[in-house]
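If you want the building blocks of each chain, they are given just below.
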Amino acid sequence: MEHERIIQTQNLSKFYGPHMALENLNLDIKKGATGLLGPNGAGKSTFLKTILGLIQATSGDGTVLGHDIRTEGAAIRSRIGYMPEYDALNPEMDAINQVRYSGELLGMNPIVALQRAHASLQYVGLGEQRYREIKSFSTGMKQATKLACAIIHDPELIIADEPSNGLDATAREFMITTLINTVKQGDRSVLMASHLMDDVERVCDDIVLLHKGKLAAQGRIEDLKAIDREIEIHVWGGASKLEAAMIQQGMKVRREGRVMRIAHDSDELTSNILRCAAKVGAQIRRMHEYEASLEDLFLVIMENLGYEVKTSEDLFKHPIHARKVDAPGHMGGGAS
Ligand SMILES: Nc1ncnc2c1ncn2[C@@H]1O[C@H](COP(=O)(O)OP(=O)(O)O)[C@@H](O)[C@H]1O
Ligand SMILES: [Mg+2]
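Since this is a predicted model, take the numbers as computed values, not measurements. (Residues numbered from 1 in each chain as written. Chains lettered and ligands numbered in written order. Predicted model: local features only at pLDDT ≥ 70, side-chain atom pairs only at ≥ 80, totals over all residues. Heavy atoms only, no water.)

A.B. asks: Is there a simple way to think about the packing of aromatic side chains in this case?
C.D. replies: To describe a pair of aromatic rings, one takes the distance between the centres and the angle between the planes. A complete count under the given rule lists zero aromatic pairs for this structure. Across from the ring centre of Tyr-290, 3.6 Å away, lies the NZ or CZ of Arg-261, which sits over that ring. The lysine or arginine in question, Arg-285, covers the ring of Trp-236, its NZ or CZ lying 4.5 Å from the ring centre. (Phe/Tyr/Trp six-rings, centres within 6.5 Å; stacked < 30°, edge-to-face > 60°. Lys NZ or Arg CZ within 6 Å of the ring centre and 35° of its normal.)

A.B. asks: I would appreciate a short explanation of the side chain of Asp-199 in the present structure.
C.D. replies: Note that Asp-199 resides in helix H7 (residues 197–203). Relative accessible area serves as the criterion here: at 3%, Asp-199 is assigned to the buried category. Setting aside residues no more than four positions away along its own chain, Asp-199 makes contact with Ser-164, Arg-172, Ile-176 and Met-192. (Helix = DSSP H or I, 4+ residues; strand = E, 2+ residues; numbered from the N terminus. Buried < 20%, exposed > 50% of the residue type's maximum accessible area, 1.4 Å probe, protein only. Contact = heavy atoms within 4.5 Å.)

A.B. asks: Is there a simple way to think about the environment of Val-235 in this case?
C.D. replies: For Val-235, the location among the structural elements is in strand E11 (residues 230–235). Taking the C-alpha atoms as reference points, Val-235 and Met-287, 52 residues apart in sequence, are found 9.1 Å from one another. If near-sequence neighbours (up to four positions away) are discounted, Val-235 is found in contact with Leu-242, Arg-258, Met-260, Ala-282 and Gln-283.

A.B. asks: Is there a simple way to explain the coordination of the magnesium ion (ligand 2) in this structure?
C.D. replies: Octahedral metal centres with six donors ideally show angles of 90 or 180 degrees, and tetrahedral centres with four donors ideally show 109.5 degrees. Ligation of the magnesium ion (ligand 2) by protein atoms is provided by Ser-45 (OG) and Glu-85 (OE), these donors lying 2.1 to 2.6 Å from the ion. Remark: Glu-85 occurs in the loop between strand E6 (80–83) and helix H3 (95–105) and Ser-45 occurs in helix H1 (residues 44–51); sequence separation between them is 40 residues. On the basis of relative accessibility, which here comes to 22%, the residue Glu-85 falls in the partly exposed class. (Donors = N, O, S within 2.8 Å, 3.2 Å for Na, K, Ca; no water.)

A.B. asks: Even after reading the chapter, I still don't get the pattern of salt bridges, so can you show me in this structure?
C.D. replies: Scanning all chains against the criterion turns up 18 salt bridges. Between Lys-135 and Glu-92 there is a salt bridge, with the nearest N and O atoms lying 3.0 Å from each other. Taken together, the residues span a long stretch of sequence, with Lys-135 in the loop between helix H4 (110–123) and helix H5 (139–150) and Glu-92 in the loop between E6 and H3 at a distance of 43 residues. Judged by relative accessible area, Glu-92 falls into the exposed class, the value being 51%. (Salt bridge = Lys/Arg side-chain N within 4 Å of Asp/Glu carboxyl O.)

A.B. asks: Just checking my understanding: could you explain the site of ligand 1 for this structure?
C.D. replies: Neighbouring ligand 1 are the residues Tyr-16, His-19, Ala-21, Pro-39, Asn-40, Gly-41, Ala-42, Gly-43, Lys-44, Ser-45 and Thr-46. The separation between a nitrogen atom of ligand 1 and a polar side-chain atom of Tyr-16 is 3.4 Å. One nitrogen or oxygen atom from the main chain of Ala-42 is found 3.2 Å from an oxygen atom belonging to ligand 1. Elements represented by at least two residues in the shell around ligand 1 include exactly strand E2 (19–30) and H1. (Near = heavy atom within 4 Å. Polar contact = N/O pair within 3.5 Å; in protein donor to acceptor, adjacent residues only side chain to side chain.)

A.B. asks: Just checking my understanding: could you explain the side chain of Gln-143 for this structure?
C.D. replies: Relative to the helices and strands, Gln-143 is located in helix H5. When neighbours within four sequence positions are excluded, Gln-143 is seen to be in contact with Met-83, Glu-162, Pro-163, Ser-164, Leu-167 and Met-175.

A.B. asks: Would you mind going over the nonpolar core with me for this structure?
C.D. replies: Most often, soluble globular proteins keep nonpolar side chains buried together rather than apart. Counting residues in each nonpolar core, the largest one holds 50 residues, and the members touching the most others are Leu-121, Val-124, Leu-147, Met-192, Val-203, Ile-207 and Leu-294. Those residues in contact with Met-192 that lie beyond four places of it in its chain are Thr-34, Gly-35, Leu-36, Ala-160, Pro-163, Ile-176, Leu-179, Asp-199, Val-200, Val-203 and Cys-204. Counting residues in hydrophobic clusters, the runner-up holds 26 residues, among them Leu-22, Leu-27, Leu-36 and Ala-57. (Core = buried A, V, L, I, M, F, W, Y, C linked by side-chain atoms within 4.5 Å.)

A.B. asks: Hey, could you run me through the packing of H5 against helix H6 (residues 169–184) in this one?
C.D. replies: Axes are the key here: two packed helices are described by the angle between their axes and the distance separating the axes. At a closest axis distance of 9 Å, the pairing of H5 and H6 adopts a crossing angle of 15°. The angle between H5 and H6 places the two elements in the roughly parallel class. Note that H5 runs across H6; the crossing there is left-handed. Touching Gly-140, Gln-143, Ala-144 and Leu-147 of H5 are Ala-171, Met-175, Thr-178 and Leu-179, all from H6. (Axes fitted to C-alpha atoms, helices over the stretch in contact; angles between N-to-C directions. Parallel < 35°, antiparallel > 145°, perpendicular 65-115°, else oblique. Left-handed = near helix turned anticlockwise from the far one by under 90°.)

A.B. asks: Any chance you could explain the sheet that holds strand E7 (residues 157–161) here in plain terms?
C.D. replies: Strand pairing within a sheet occurs via backbone hydrogen bonds; the two strands may be parallel or antiparallel. Strand order in the open sheet formed by six strands is E6-E7-E8-E3-E9-E10, with mixed pairing between adjacent strands. The open sheet has two edge strands with one neighbour each: E6 and strand E10 (214–220). Neighbour-to-neighbour, the strand axes of this sheet turn through a mean angle of 15°, independent of strand direction. As judged from the four bridges shared by strand E3 (residues 33–37) and strand E9 (residues 206–211), these two strands associate in the parallel manner. For Leu-36, the partnering residue across the bridge sits in E9 and is Val-208. Those strands touched by H5 are E6 and E7, and its axis lies near 160° from that of E6. Across the sheet, H6 lies against E3, E6, E7 and strand E8 (189–194), angled at about 150° from E8, the strand it touches most. (Pairing = 2+ DSSP bridges.)

A.B. asks: Any chance you could explain the sheet that holds strand E14 (residues 284–290) here in plain terms?
C.D. replies: A sheet is described by the order of its strands in space; here four strands give the open sequence E12-E13-E11-E14, paired in antiparallel fashion. With partners counted over all chains shown, the strands left at the sheet margins are strand E12 (253–256) and E14, one partner each. Sheet twist, expressed as the mean angle between neighbouring strand axes with direction ignored, is 20°. Examined bridge by bridge, E12 and strand E13 (residues 259–263) share four bridges and lie antiparallel to one another. Note that in E13 the partner of Arg-255 across the bridge is Met-260. Strands E11, E12, E13 and E14 of the sheet are contacted by helix H9 (residues 239–248), whose axis makes an angle of about 165° with E12. Against the sheet, helix H10 (residues 269–280) touches E11, E13 and E14, its axis set at about 160° to E14.

A.B. asks: Explain the pairing of E3 to me, please; I cannot follow it from the model alone.
C.D. replies: When a strand is regular, its side chains alternate between the sheet's two faces. The element E3 is largely enclosed, with a buried count of five among its five residues. What you see with E3 is no split at all: Ala-33, Gly-35 and Leu-37 on one side and Thr-34 and Leu-36 on the other are buried throughout. The pairing of E3 with E8 spans five bridges and is classified as parallel. The partner of Leu-36 across the bridge, within E8, is Ala-193.

Right under this line is the structure:
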């Protein structure tokens, strides 16, 4: 069912001592693929561990596939596949035994676990390398082994913490394609924490954006992008004059040479742009709706929250200090 909810939380908070890592999160995650985004330290890994019952919430409640995160962690972990952020593998083991072992930890009988380990390693592209020791593996192969461990019991929900982090282009492409196939062909759900916008955009339809432990935005990527619509124009002669005229009319213009993008905040925008061009004698060669990327959306949300950020990369490299923290209501936050 399209709107089936698989994860819900109510006022979920987590403190590490006095440090607040998650604050009053009210989340509603549906079947399908959801990206958990946010800068370093936003609380992504803490959130995942809390909903898996691996760490106790300080306050609030939640369910995963109908199970209570406070009391039914073991049931949750047996029904989902968890791919942790950091190395959870034994370097001395060969891949097949590592994956088989993770099945046995879930209570599978050794024969079934071994059969499934072969199938899982094949699925993640390590069929040929399954008898090699993990210490000889590249980062990409280790990530693939972690995914094989997570899917050994064919779970309906896979929770992956930074699955494509640190991978080279080929391994990253393979990981992303595997996750896409798992959702599209396998009809499974994926919740992936990531700071790589492109990967999230390829795999996921929905996002949850955390910042400093708070919810900054949640919803369908397509819907969230509507807050950031722009018209792009390519101008031949008189670009500077046109830019000045549009700004004078109160339009929000971003310009790079002959290409300008104007915030699409009124139905009359295109005719207003054409009127300005006619007045100053500028030639518009192309005009179209600009398709924002998730990266653009992220920057707009951050700006709306009161942060000055140039690129998401900046933000992830240098976590910024809180000024204004609550997102506007229409973006899923608590502020008006
Ligand atoms: N075990 C821990 N003890 C104390 N503080 C922690 C612990 N784990 C995480 N934190 C802190 O909680 C915040 C959220 O961390 P984390 O969930 O790892 O964020 P993310 O995965 O988004 O990078 C950070 O400020 C981090 O330093
Ligand atoms: Mg993390």
